[in-house]
Amino acid sequence: MARLQWLGLIAAAALAVAGGAHAEGDKAAGRKLVYTCNGCHGVVGYENVYPSYPVPKIAGQNAQYITAALHGYKTGERKHPTMNAQAESLSDKDIADIAAYLSSIAK
Ligand code: HEC
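Residues numbered from 1 in each chain as written. Predicted model: local features only at pLDDT ≥ 70, side-chain atom pairs only at ≥ 80, totals over all residues. Heavy atoms only, no water.

Participant: What am I meant to see in the pattern of salt bridges here?
Facilitator: Scanning the model with the defined rule gives 1 salt bridge in all. With a closest N to O distance of 2.6 Å, lysine 93 and aspartate 97 form a salt bridge. Of this pair, lysine 93 and aspartate 97 are both found in helix α6 (residues 92-104), 4 residues apart, which corresponds to roughly one turn of the helix. (Salt bridge = Lys/Arg side-chain N within 4 Å of Asp/Glu carboxyl O. Helix = DSSP H or I, 4+ residues; strand = E, 2+ residues; numbered from the N terminus.)

Participant: Help me out: how do you make sense of the coordination of the iron atom of the ligand in this one?
Facilitator: Expected angles at a metal are 109.5 degrees for tetrahedral coordination by four donors and either 90 or 180 degrees for octahedral coordination by six donors. Distances from the iron atom of the ligand to its protein donors, namely His41 (NE2) and Met83 (SD), fall within the range 1.9 to 2.1 Å. Around the iron atom of the ligand, the 6 donor atoms sit at angles spanning 84 to 178 degrees, and that spread fits a shape best called octahedral. Here the residue histidine 41 occupies a position in helix α3 (residues 38-41), and methionine 83 occupies one in helix α5 (residues 81-88), the gap between them amounting to 42 residues. The same class applies to histidine 41 and to methionine 83, which are both buried. (Donors = N, O, S within 2.8 Å, 3.2 Å for Na, K, Ca; no water. Tetrahedral: all angles 85-135°; square planar, octahedral: opposite > 155°, others 65-115°. Buried < 20%, exposed > 50% of the residue type's maximum accessible area, 1.4 Å probe, protein only.)

Participant: Sorry if this is basic, but what is going on with the site of the ligand here?
Facilitator: Around the ligand, the structure places 20 residues, and the nearest of them are Cys37, Cys40, His41, Tyr65 and Met83. Within the side chain of histidine 41, one N or O atom sits 2.8 Å away from a nitrogen atom of the ligand. Interatomic distance of 2.7 Å between a side-chain N/O atom of tyrosine 73 and an oxygen atom of the ligand. Secondary structure elements with two or more residues in the shell around the ligand: α3, α4 (63-75) and α5. It is α4 that contributes the most residues to the shell around the ligand, 4 residues altogether. Within the shell around the ligand, the residues separate by chemical class into 13 nonpolar, 6 polar and 1 charged. (Near = heavy atom within 4 Å. Polar contact = N/O pair within 3.5 Å; in protein donor to acceptor, adjacent residues only side chain to side chain. Nonpolar A, V, L, I, M, F, W, Y, C, P; charged D, E, K, R; others polar.)

So, in structure tokens, the structure goes:
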């Protein structure tokens, strides 16, 4: 009996790890995807490349916030021509990957 419970625990832990990795998105993939975003959001130096064109800082933001923002732009719920165009081509997985990467960067 004790042995069976132990096996159940291991199975539950394995499921939790697999599930967590999926929900979190793939940081490495996200890192490649945000390459094009850096032109405006300047993730690396946390500064905008064009001082006359203000863009929000997205590095270090909460993953859920980034996901919600990108889905909003993708569906047109949140309107901004530039970001609507950017988000249009992103799949749900891309958005999860981007959110995982950006939220993993220190502010
Ligand atoms: C051409 C410039 C440009 C590019 C390229 C760009 N963005 Fe943006 N982004 C903006 C601007 C400007 C805003 C502010 C829009 C607004 O006021 O809603 C914004 C807003 C955002 C927001 C919302 C931030 C907040 O604080 O609410 C997120 C998230 C975001 N961008 C992610 C991305 C990602 C991910 C990419 C790459 C796939 C990207 N952006 C590419 C200019 C850009």
